[in-house]
Amino acid sequence: MLCFADSFYTGHPSVTRVGREDFAPQLAAAAARPDDLAAGRALLAAVLRHYQSPGDVWAYEGTDLDVTAGVLMRQVRAARGAFGA
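Residues numbered from 1 in each chain as written. Predicted model: local features only at pLDDT ≥ 70, side-chain atom pairs only at ≥ 80, totals over all residues. Heavy atoms only, no water.

Asker: Account for the overall build of the chain, with residues named and values stated.
Answerer: Secondary structure summary: the chain contains three helices and two strands in total. Considering the chain as a whole, with its 85 residues, one finds that 18% of them fall into the buried category. Restricting the contact set of the chain to residue pairs at least 6 apart, pairs at least 24 apart contribute 48%. Carbon and sulfur atoms provide 61% of the accessible area of the chain, an area that totals close to 6,300 Å². (Helix = DSSP H or I, 4+ residues; strand = E, 2+ residues; numbered from the N terminus. Buried < 20%, exposed > 50% of the residue type's maximum accessible area, 1.4 Å probe, protein only. Contact = heavy atoms within 4.5 Å. Areas by Shrake-Rupley, 256 points an atom, 1.4 Å probe, with all protein chains shown as cover.)

Asker: Which residues make up the confidence of the model for the chain, and what are the values?
Answerer: Mean pLDDT for the chain: 75, with 79% of residues reaching 70 or above. Mean pLDDT values over the elements of the chain span from 75, in helix 2 (residues 37-51), up to 85, in helix 1 (residues 23-32). (pLDDT = per-residue confidence, 0-100.)

Asker: Help me get a handle on the packing of aromatic side chains, residues and values and all.
Answerer: Evaluated as defined, the whole model comprises one aromatic pair. When the ring of Phe-4 is compared with that of Phe-23, the centres are 5.4 Å apart and the planes differ by 25°; the resulting orientation is stacked. Separated by 19 residues along the polypeptide, Phe-4 in the loop between strand 1 (2-3) and strand 2 (16-17) and Phe-23 in helix 1 bring together distant segments of the chain. Given the relative accessible area of 48%, Phe-4 is considered partly exposed. With relative accessibility at 30%, the residue Phe-23 sits in the partly exposed group. (Phe/Tyr/Trp six-rings, centres within 6.5 Å; stacked < 30°, edge-to-face > 60°.)

Asker: Explain the side chain of Thr-16 to me, using residue names and the numbers behind them.
Answerer: Counting through the fold element by element, Thr-16 comes out in strand 2. Apart from the residues lying within four places of it in its own chain, the contact partners of Thr-16 are Met-1, Leu-2, Cys-3, Gln-26 and Arg-33.

Asker: An account of the pattern of salt bridges is requested, with residue identities and associated values reported.
Answerer: On inspection of all chains with the given rule, the structure shows one salt bridge. In this structure, Arg-17 engages Asp-6 in a salt bridge whose closest nitrogen and oxygen atoms are separated by 3.0 Å. Here the residue Arg-17 occupies a position in strand 2, and Asp-6 occupies one in the loop between strand 1 and strand 2, the gap between them amounting to eleven residues. Exposure remark for Asp-6: the relative accessible area of 62% places this residue in the exposed category. (Salt bridge = Lys/Arg side-chain N within 4 Å of Asp/Glu carboxyl O.)

Asker: Report on the environment of Val-15, specifying residues and quantitative values.
Answerer: With respect to the helices, strands and loops of the structure, Val-15 is situated in the loop between strand 1 and strand 2. The contact partners of Val-15, leaving out residues within four places of it in the chain, are Met-1, Cys-3, Tyr-9, Thr-10 and Leu-43.

Asker: I'd like a description of the nonpolar core, backed by residues and values.
Answerer: Nonpolar side chains in soluble globular proteins tend to be buried together. Counting residues in hydrophobic clusters, the biggest one holds five residues: Cys-3, Tyr-9, Val-15, Leu-43 and Val-47. With residues up to four places along the chain from it excluded, the contact list for Cys-3 reads Tyr-9, Thr-10, Val-15, Thr-16, Arg-17 and Val-18. (Core = buried A, V, L, I, M, F, W, Y, C linked by side-chain atoms within 4.5 Å.)

Next up, the structure:
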């Protein structure tokens, strides 16, 4: 994950702080990294803990989360393909 501003996200090892000047090479490097399921689950837990208001996550159904995950994975695969990874 790439983040353009300092936040609680940038403290997570799966998140890279980027700027306009280094966005393209940082994106290529992130797309080339192998998947880390445990780190992904930890990041998801952090996002839900910090970003969602109490109980808000329960407003989503499993199918909504699956669709969101599918959209995200298409973006990741497209980025990896664009950089030959």
